[in-house]
Amino acid sequence: MRQKLAGVKNVAALQAAFESLANRDSGIPGMGLVHGFTGAGKTTAISWLVNRTNGVYVRAYSTWTPNAMLASITHELGAEPLHRSSAMLKFITATLEQQNRPLFIDEANYFAGDTAMLDTLRDIHDVSNVPVILIGHEGTERKLIHRAQLARRISEWVEFKPLDAEDARILADTVAEVGIADDLLADLHAQAKGSMGLITVGLARVEAMAKANDWKSVDADQWASRPFFLGNAPKARD
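- An unreviewed UniProt entry lists the protein chain under the name ATP-binding protein, from Rhodoferax aquaticus.

Now the structure itself:
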């Protein structure tokens with residue numbers, strides 16, 4: 001499998017949203033939210049964007065407090081965390097502004113309902129004036145929309161949606177090292193229900209079988225209804 005980013009619609013929407021934040025006029029808020037179901041491809045796309053923009057990336061945890069968040073960002077900026085939150089906030093905003101680096105915070109669903117956390121992020125955005133992009137699971141947007149002071153600073157809302165048939169073809173042509181016939185891809189897309197993660201897993205299995213048989217391409221007849229995925233997770237007992 002090729003380690004390349006497929007230019008599907010979700011990636012195009014993310015890139016357009018970031019360009020809008022980075023090139024916004026004075027007075028336009030500079031926060032964004034990327035949200036969507038697990039397996040939609042958010043992680044891969046965000047990793048690409050962070051590298052492309054020299055962004056600062058941190059991942060939230062369920063145990064995060066405002067101080068823990070500030071310490072993580074300070075560490076990612078190459079400094080040792082300080083004892084006082086106010087000192088770290090001052091360092092972060094000054095450094096982000098000076099270096100003009102966007103800030104990405106993943107797993108925002110952990111703190112989407114925490115007023116203290118959101119107020120700290122609002123301070124970082126307002127003082128540094130750099131793009132601040134939150135990434136969260138499906139439903140994060142519903143929590144943030146009710147936080148008026150933060151929500152009005154989010155000018156870009158990017159939903160990662162299931163891949164359509166055109167996206168599935170773009171993904172297959174980008175990452176698979178063997179040809180994937182339309183009928184086989186249609187079966188895979190249907191079974192994966194548009195999940196980029198599952199489609200990628202299925203393509204990897206198809207490619208492995210093709211290489212084992214020295215096939216240059218694979219169609220539905222050759223695949224012969226083999227499972228695309230490794231199976232369902234075991235169900236919990238009552």
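### A short note on the nonpolar core
Logical step 1: Counting residues in each nonpolar core, the largest one holds 40 residues, and the members touching the most others are V34, F104, L171, I180, I199 and L203.
Logical step 2: Put simply, the parts of the chain that give this core at least two residues each are α1 (9-22), α2 (42-53), β4 (132-137), β5 (154-160), α8 (165-175), α9 (182-192) and α10 (196-212).
Logical step 3: Ranked by the residues each element gives to this core, the list is headed by α10, at 6 residues.
Logical step 4: Each of domain 1 (9-160) and domain 2 (165-223) accounts for three or more of the residues forming this core.
Logical step 5: Ignoring any residue separated from it by four or fewer positions in sequence, one finds F104 in contact with F18, I46, L49, V50, T53, G55, V56, Y57, V58, I133 and I135.

### Things to note about α2
Logical step 1: For α2, which comprises 12 residues, the first-to-last C-alpha distance of 16 Å matches the rise-based estimate of 16 Å (1.5 Å per residue) to within 8%.
Logical step 2: Among the residues of α2, those classed as buried are K42, A45, I46, L49, V50 and T53. Angular distribution of buried residues about the axis of α2 spans 135°; they occupy a single face of the element. Residues of α2 that are exposed and point over 90 degrees away from its buried face: T43 and N51.
Logical step 3: Residues of α2 that are buried make contact with α1, β1 (31-36), β2 (56-59), β3 (103-106), β4 and β5.

### Regarding the pairing of β4
Logical step 1: Among the 6 residues in β4, 5 count as buried, and that is most of the element.
Logical step 2: Across 6 bridges, β1 lies against β4 in parallel orientation. Pairing of G36 across the sheet is with H137, part of β4.
Logical step 3: For β3 and β4, the ladder comprises 3 bridges, and the chain directions are parallel. Bridge assignment links F104 to a residue of β4, and that residue is I133.
Logical step 4: This β-α-β element, β3 to helix α5 (residues 115-128) to β4, shows right-handed connectivity.

### Quick look at the environment of L230
Logical step 1: Along the chain, L230 falls in the segment after α11 (220-223).
Logical step 2: L230 sits in the exposed class, given a relative accessible area of 76%.
Logical step 3: Note: C-alpha distance between L230 and G202 (28 residues apart in sequence) is 9.1 Å.

### Overview of the UniProt feature "domain: ORC1/DEAH AAA+ ATPase" (unreviewed entry) in the protein chain
Logical step 1: With numbering matched to this structure, UniProt assigns "domain: ORC1/DEAH AAA+ ATPase" (unreviewed entry) to residues 30-143.
Logical step 2: Overall, residues 30-143 shows 49% helix and 18% strand. The separation of its end C-alpha atoms is 19 Å.

### Here we look at the packing of aromatic side chains
The relative placement of two aromatic rings is captured by the distance of their centres and the angle of their planes.
Logical step 1: For the coordinates displayed, the defined rule picks out 4 aromatic pairs.
Logical step 2: An angle of 25° between the planes, with centres 6.4 Å apart, marks the rings of W64 and F111 as stacked. Of the two residues, W64 is situated in the loop between β2 and α3 (66-76) and F111 in the loop between β3 and α5; the sequence distance between them amounts to 47 residues.
Logical step 3: The exposure class assigned to W64 is buried, which follows from its relative accessible area of 10%.
Logical step 4: Arranged with centres 6.2 Å apart and planes meeting at 50°, the rings of F228 and F229 form a pair that is tilted. For the pair formed by F228 and F229, the shared burial category is buried.
Logical step 5: Every member of this aromatic cluster is reached through a ring pair, and the members are W223, F228 and F229.
Logical step 6: Over the ring of Y61 we find R59; its NZ or CZ atom is 4.7 Å from the centre of that ring.
Logical step 7: We note R226 situated over the ring of W223; from NZ or CZ to the ring centre the distance is 5.9 Å.

### Notes on the domain arrangement of the protein chain
Logical step 1: Here the protein chain is described as being made up of domain 1 (9-160) and domain 2 (165-223).
Logical step 2: Relative to domain 2, the C-alpha centre of domain 1 lies at a distance of 34 Å.
Logical step 3: Opposite the 5 residues of domain 1 that make contact, domain 2 presents 6 residues.
Logical step 4: Both sides of the domain 1 and domain 2 interface together cover about 410 Å² of buried area, and 44% of this is carbon and sulfur.
Logical step 5: Broken down residue by residue, the surface that domain 1 buries against domain 2 is led by K9, F37 and G39, which jointly contribute 75%.
Logical step 6: The interface formed by domain 1 and domain 2 includes 2 salt bridges.
Logical step 7: As a salt-bridge pair, K9 and E166 come within 2.9 Å of each other at their nearest N and O atoms.
Logical step 8: Linking domain 1 to domain 2 there are 5 residue pairs in polar contact (both at pLDDT 80 or more).
Logical step 9: Here the side of domain 1 that touches domain 2 is composed, by residue class, of 2 nonpolar, 2 polar and 1 charged.

Each value, and the rule that gives it
- Residues numbered from 1 in each chain as written.
- Predicted model: local features only at pLDDT ≥ 70, side-chain atom pairs only at ≥ 80, totals over all residues.
- Heavy atoms only, no water.
- Core = buried A, V, L, I, M, F, W, Y, C linked by side-chain atoms within 4.5 Å.
- Buried < 20%, exposed > 50% of the residue type's maximum accessible area, 1.4 Å probe, protein only.
- Helix = DSSP H or I, 4+ residues; strand = E, 2+ residues; numbered from the N terminus.
- Domains from an automatic or database assignment.
- Contact = heavy atoms within 4.5 Å.
- Expected span 1.5 Å × (residues − 1).
- Arc of directions from axis to C-beta.
- Pairing = 2+ DSSP bridges.
- Right-handed = clockwise from strand over helix to strand, strands pointing away.
- UniProt positions renumbered as here; feature names shortened; annotations may be inferred.
- Phe/Tyr/Trp six-rings, centres within 6.5 Å; stacked < 30°, edge-to-face > 60°.
- Lys NZ or Arg CZ within 6 Å of the ring centre and 35° of its normal.
- Buried area = accessible area lost by both parts, 1.4 Å probe.
- Salt bridge = Lys/Arg side-chain N within 4 Å of Asp/Glu carboxyl O.
- Polar contact = N/O pair within 3.5 Å; in protein donor to acceptor, adjacent residues only side chain to side chain.
- Nonpolar A, V, L, I, M, F, W, Y, C, P; charged D, E, K, R; others polar.

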